[in-house]
Amino acid sequence: MSATAPVPPVPATAEPRTSATAPGYRPGRTLRLRVEARRQVRRRRTIIVGALLTALPFILMAAFAIGGTPDGGGRNGPTLIDTATASGANFAATCLFVSAGFVLVVPVALFCGDTVASEAGWSSLRYLLAAPVPRARLLAVKLTVALGFSAVALVLLPAVALLAGTVAYGWGDLELPTGGALGAGSTLPRIAVVVAYLFVSQLVTAALAFWLSTVTDAPLGAVGGAVGLTIVGNVLDAVTALGRWRDILPAHWQFSWLDAVQPSMEWTGMIQGASVSVSYALVLTALAFRGFRTKDIVS
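These figures come from a predicted structure and were not determined experimentally.

Asker: Would you take a moment to explain empty space enclosed by the protein for this structure?
Answerer: Over the atoms rolls a probe the size of a water molecule, and in doing so it shows where empty space is left. Enumeration according to the criterion identifies 1 cavity of 30 Å³ or more in this entry. Of the pockets and cavities examined, the largest cavity occupies roughly 50 Å³. The wall of the largest cavity is formed by Glu36, Gln40, Arg45, Phe111, Thr115, Lys142, Val145, Ala146 and Phe149. Listed by contribution, the elements that provide at least two residues to the lining of the largest cavity are helix 1 (33-41) and helix 7 (135-169). Among the elements that make up the lining of the largest cavity, the one with the highest residue count is helix 7 (4 residues). When its residues are assigned to classes, the lining of the largest cavity shows 4 nonpolar, 2 polar and 3 charged.

So, in structure tokens, the structure goes:
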């Protein structure tokens, strides 16, 4: 009696067909947003990211308590750090200033780069598509949830910093490092504009991580690739010899939100930065959907 060789799994190469043999099947009711959100919020990496973002303001407060009040002796002139302990609003703005360049990039890349690649790494992606979940819906749901978690991460840091800073330093005007101050009544709207711009500026990182997540089975590769390319963009932006070519780099506009914490808010830089980020994000997202539509899923 001859042994029967095991039959390898057949890769999913196209959208599953639906017919009258599957009564009640509705593509729009597969993989609902709340189901995916519930799965993601219970993951260890989500809890760790939330804990780290919550702890960061208290770490900065401890650093100021140990090192004393900033003295404004920076080589590049006064910055928001020099007024960090003036009020809770100043402390929140300082937390955003020190974290916008890299710290806030990591959770966005993590949430968006891990979302599809992790399913492939767990060998569950093929079974999701066999459920059957349409490929476009699977990507749309996962991207929507990932962007939602990214938005929560971007809001969590300044919210905790504002609350902790108000308790520690009091509530008052947002003192500007160049002189002058913003009234307490206009502080919250300005911070809201800053957070909204930071979210839009991070869309390019989110889309890059999401695209990489659809082309690799390694979540770390997708997340690391997005973070690495973001760092490369920051390095290139520091090369002044590139001149006007730096205008097409998203990193060139990452601190345009500082125009929102000036006596007279200036929108030009934020509009340019948002347009660059959204343009890249649309192209990368389209690449993700186009490539995943015909990709052979073997994991």
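Here the narrative resumes, following the displayed structure.
Asker: Any chance you could explain the layout of surface pockets here in plain terms?
Answerer: The computed volume of the largest pocket comes to approximately 390 Å³. Every residue lining the largest pocket is counted, 21 residues in all, and those nearest its centre are Val204, Leu229, Thr230, Pro250 and Ala251. Those elements that provide at least two residues to the lining of the largest pocket are helix 8 (184-201), helix 9 (203-215), helix 10 (219-237) and helix 11 (268-293). It is helix 10 that contributes the most residues to the lining of the largest pocket, 5 residues altogether. The residue makeup of the lining of the largest pocket, split by class, is 13 nonpolar, 8 polar and no charged. Approximately 170 Å³ is the volume found for the second largest pocket. At the level of secondary structure, the elements contributing two or more residues to the lining of the second largest pocket comprise helix 2 (44-67) and helix 4 (105-114). In terms of residues, the lining of the second largest pocket owes the most to one element, helix 2, which gives 7 residues.

Asker: Where do I start with the packing of aromatic side chains in this structure?
Answerer: In this description, an aromatic ring pair is defined by two values, namely the gap between the centres and the angle between the planes. Summed over the entire model, instances satisfying the criterion amount to 6 aromatic pairs. Between phenylalanine 97 and phenylalanine 255, the aromatic rings sit 5.8 Å apart at their centres with planes inclined by 50 degrees, giving tilted as the arrangement. Highlighted residues: phenylalanine 97 in helix 3 (residues 88-99) and phenylalanine 255 in the loop between helix 10 and helix 11, separated in sequence by 158 residues. Looking at phenylalanine 255, the relative accessible area reads 31%, which means it is partly exposed. Summarising the aromatic geometry, the rings of phenylalanine 210 and phenylalanine 289 are spaced 6.5 Å apart at their centres and angled 45 degrees between planes, so their arrangement reads as tilted. Placement of phenylalanine 210 in helix 9 and of phenylalanine 289 in helix 11 is noted, with a sequence separation of 79 residues between them. A residue is classified by how much of its surface remains accessible, and phenylalanine 210, at 0% relative accessible area, is buried. Taking relative accessible area as the criterion, phenylalanine 289 reaches 28% and is therefore assigned partly exposed. A connected cluster of aromatic rings, assembled from ring pairs, spans Phe64, Phe91 and Tyr169. Here the guanidinium or amino end of arginine 135 rests over the ring plane of phenylalanine 292, the centre of that ring lying 5.6 Å away.

Basis of the calculations
- Note on numbering: residues in each chain are counted from 1, in written sequence order.
- A pLDDT threshold of at least 70 governs which residues receive local features in this predicted model, and a stricter bar of 80 or more applies before side-chain atom pairs are shown or counted, although totals over entire chains, interfaces and linings include all residues.
- For the side-chain quantities, the full set of heavy atoms in the structure was used; hydrogens and water were omitted.
- In the cavity and pocket records, a cavity denotes points on a 1 Å grid over the protein atoms alone where a 1.4 Å probe fits but cannot get out, a pocket denotes an open set with protein on both sides within 12 Å along at least 5 of 7 lines, and lining residues are residues with an atom within 4 Å of a point.
- Grid points are joined across faces, edges and corners, and a volume is the space filled by probe spheres set on the points.
- Note on conventions: DSSP H or I runs of at least 4 residues are helices, E runs of at least 2 residues are strands, and numbering of each starts at the N terminus.
- Three categories are distinguished: nonpolar for Ala, Val, Leu, Ile, Met, Phe, Trp, Tyr, Cys and Pro, charged for Asp, Glu, Lys and Arg, and polar for the others, with Gly belonging to the last.
- Pairing of aromatic rings covers Phe, Tyr and the six-membered ring of Trp, with a centre-to-centre limit of 6.5 Å; geometry is then stacked below 30 degrees between planes, edge-to-face above 60, and tilted otherwise.
- Think of it in three bands: with a 1.4 Å probe and only protein chains considered, a residue is buried below 20% of the maximum accessible area for its type, exposed above 50%, and partly exposed in between.
- Here, over-ring charges are defined by two tests on the NZ atom of lysine or the CZ atom of arginine: distance to the ring centre within 6 Å, and angle to the ring normal within 35 degrees.

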